[in-house]
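What follows is each chain in one-letter form.
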Amino acid sequence: MTDHESKIPTHRLARIGQFASLATRIGSNVVAEGTKQLLRGEKPQAKDLVLTPGNIKRVTDQLAHLRGAAMKVGQMLSMDSGDMLTPELADILSRLRSDANPMLSKQLNQVLVSGLGEDWKHAFLSFNFKPIASASIGQVHQAYTDDGDKVAVKVQYPGISNSIDSDVDNVATLLNIIGIIPKDIDYKSLLEEAKKQLHAEANYRLECQYLERYRSLLKHQDNFIVPRAYPELSSNTVLTMEYVDGVDIETLVNSSQELRDRVMSDLLALFFAEIFEFQLVQTDPNFANYQYNHESQKIVLLDFGATREYNHNISQGYRSAFKAVIQADDEALENALKQIGFFSQTIIEMQKQAIIDLVKLACEPMRYDGIYDFGQSDLANKVRQQGSALSFQENYWHTPPIDAIFLHRKIGGLYLLAARLKARVNIHTLVTPYLSL
């Protein structure tokens, strides 16, 4: 993470101005690049002019500087295993890392004062103003409470909550102008859901409640550590929790095959428990939400801002869908997908079958009654390619239910992590106890 602090634009007009400035700079580059190509006797394509490496970098840098919804909206558009993404948008998103510049110390103090009161320093023996981590809507600081507890304090970037709606609209407009959202996609309902989800993620008091619920749900589990929350030192914009040591989950790629398999098996087992037992799912697939504590040999679970409740109807629908996939019963799978909320739009039989085939492909690991080797599988790419082929055919886009999109996003993230760790997992045995087969 860079040490360079930067002032985050908090006023709505200032943020709109930055988007307008970016659009102008891209426009100027398009004219310059187009002129160059014409002088060389080439016939320039508008999309190619816009999507130059320089312009992609400008978009990426601008979103990273604005943070908040400006960074999140692209992730929302890529939720369904990347099915909506053009390669160019995927490239932009892949460059949006969590190590954004930290906010100015003065801004940090202002957020802490508004969140915990003028005397916020009295609640801590010490507070390190240099962040230990940063993300799209907040940064994390290490501190000690008055009782001497080591804690992690997540502090939200100023102005994030007030800028969500306009940022989402502005980013969508910008991506549309650039031409990297397919024309046939009705993305407006997704954007409305993005706004709702971001408002929930920006409510740290709500995240504190989810953190406490997960800690309670997993208190008898030996495989996970859920940090203890400090509600009295938390607010809508500040979240204080127990500091837990851990290494990034991706670093386990250098660990033994046995450890990688166990960790991935535990995470997939947790996912099935979330859908079918808890009906509460942490839907953000970001690898940074998982760490590993070598001392306790447990997985550390972090960041519950994107947690969603799932009603019995959807939970039961996925139970029926997974069971149908394992039993190779296409008719039962179609009925289960209808129960979840698929096929509510006008859709022709060929499109419906293509979606059923895509779901079957995504469920390949649980259909295989044995140890599935993610390191030897190209499943995530196959799902993305097949989904993209559907998405970009004219009038072929079918918008899945929002709850399903969030769930598929989580499954896709777990598959990618399993592939990264080259894990071997018997998913069939993990899911079947929930299916009453």
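Everything below is about the structure shown above.
On to the pairing of strand 10 (residues 298-301), then. Across two bridges, the pairing between strand 5 (residues 224-225) and strand 10 is parallel. Bridge assignment links I225 to a residue of strand 10, and that residue is V300. By the bridge criterion, four bridges tie strand 9 (residues 290-293) to strand 10 in an arrangement that is antiparallel. Its bridge partner being in strand 10, Y292 is matched across the sheet by I299. The turn linking strand 9 back onto strand 10 is made up of four residues, and Q297 within it adopts a positive phi angle of 60°.

Inspection of the entire model under this criterion finds 14 aromatic pairs. With centroids separated by 6.2 Å and ring planes inclined at 65°, the aromatic side chains of W120 and F124 adopt a geometry described as edge-to-face. Comparing W120 with F124 shows no difference in burial state: the two are buried. Where Y214 meets F304, the ring centres are 4.7 Å apart and the plane angle is 40°; that geometry is what we call tilted. With Y214 in helix 9 (residues 204-217) and F304 in the loop between strand 10 and strand 11 (307-309), the pair connects residues that are 90 residues apart, well separated along the chain.

Our next topic: the pattern of salt bridges. Tallied over the full model, the rule gives 15 salt bridges. For R215, the salt bridge identified is with E242, shortest N-O distance 4.0 Å. Highlighted residues: R215 in helix 9 and E242 in strand 6 (residues 238-242), separated in sequence by 27 residues. R215 gets classed as partly exposed once you look at its relative accessible area, which sits at 37%.

On to the nonpolar core. Counting 95 residues, the largest nonpolar core has M264, L267, F272, F276, L301, Y318 and F322 as its most contacted members. Of the residues forming this core, the biggest block, twelve residues, is contributed by helix 10 (residues 257-278). Ignoring anything within four residues of it in the chain, the contact list for F322 reads F272, I275, F276, C363, M366, V431 and L435. One finds A172, L191, L198 and A202 within the second-largest nonpolar core, a separate group that totals six residues.

Interaxial distance between helix 10 and helix 16 (residues 402-420) falls to 10 Å at its minimum, and their mutual angle equals 170°. By the criterion of interaxial angle, the relationship of helix 10 to helix 16 is roughly antiparallel. Where helix 10 approaches helix 16, its residues M264, L267, L268, F271, E274 and I275 are matched on the opposing element by L407, K410, I411, L414, L417 and A418. Across the contact of helix 10 with helix 16, the residue classes break down as ten nonpolar, no polar and two charged.

So, on to the sheet that holds strand 7 (residues 247-248). Read across the sheet, four strands follow the order 5-10-9-7 without closing on themselves; strand pairing throughout is mixed. Whereas interior strands pair on both sides, the edge strands pair on one side only; in this sheet they are strand 5 and strand 7.

So, about unusual backbone geometry. Positive phi outside glycine occurs at Q279, with the angle close to 50°. The residue Q279 is located in the loop between helix 10 and strand 8 (280-282) in this model. Phi is positive for K422, close to 50°, though the residue is something other than glycine. Within the fold, K422 resides in the loop between helix 16 and strand 13 (424-425). With relative accessibility at 47%, the residue K422 sits in the partly exposed group.

This paragraph deals with helix 11 (residues 312-326). In an α-helix, one turn spans 3.6 residues, which is why side chains three or four residues apart end up on the same side. For helix 11, spanning 15 residues, the distance from its first C-alpha to its last is 21 Å, which sits close to the expected 21 Å at 1.5 Å a residue. Every buried residue of helix 11 is listed here: I314, S315, G317, Y318, R319, A321, F322, A324, V325 and I326. The N-cap of helix 11, judged by a side-chain oxygen 3.1 Å from the amide nitrogen of N313 a few residues on, is N311. Following helix 11 by one or two positions, A328 adopts a phi angle in the positive range, close to 55°.

This brings us to empty space enclosed by the protein. A full pass over the atoms with the stated rule returns one cavity of 30 Å³ or more. What the largest cavity holds in volume is close to 100 Å³. Residue lining of the largest cavity: 14 residues in total, with L270, Q282, Y290, L301 and K410 positioned closest to the centre. When contributions to the lining of the largest cavity are tallied by element, the ones reaching two or more residues are helix 10 and helix 16. With four residues, the single largest contributor to the lining of the largest cavity is helix 10. Counted by class, the lining of the largest cavity contains nine nonpolar, two polar and three charged residues.

Inspection of the secondary structure assignment puts N109 in helix 6 (residues 105-116). The sequence separation of N109 and K121 amounts to twelve residues, and the corresponding C-alpha distance is 9.8 Å. In this structure N109 touches W120 and K121, once residues within four positions along its chain are discounted. Among the polar contacts listed, one links the side chain of N109 to the side chain of W120, at a separation of 3.1 Å.

How each quantity is defined
- Residues numbered from 1 in each chain as written.
- Predicted model: local features only at pLDDT ≥ 70, side-chain atom pairs only at ≥ 80, totals over all residues.
- Heavy atoms only, no water.
- Pairing = 2+ DSSP bridges.
- Helix = DSSP H or I, 4+ residues; strand = E, 2+ residues; numbered from the N terminus.
- Phe/Tyr/Trp six-rings, centres within 6.5 Å; stacked < 30°, edge-to-face > 60°.
- Buried < 20%, exposed > 50% of the residue type's maximum accessible area, 1.4 Å probe, protein only.
- Salt bridge = Lys/Arg side-chain N within 4 Å of Asp/Glu carboxyl O.
- Core = buried A, V, L, I, M, F, W, Y, C linked by side-chain atoms within 4.5 Å.
- Contact = heavy atoms within 4.5 Å.
- Axes fitted to C-alpha atoms, helices over the stretch in contact; angles between N-to-C directions.
- Parallel < 35°, antiparallel > 145°, perpendicular 65-115°, else oblique.
- Nonpolar A, V, L, I, M, F, W, Y, C, P; charged D, E, K, R; others polar.
- Expected span 1.5 Å × (residues − 1).
- Polar contact = N/O pair within 3.5 Å; in protein donor to acceptor, adjacent residues only side chain to side chain.
- 1 Å grid on protein atoms, 1.4 Å probe; cavity = no way out; pocket = protein on both sides within 12 Å on 5 of 7 lines; lining within 4 Å.
- Points joined across faces, edges and corners; volume = space filled by probe spheres on them.

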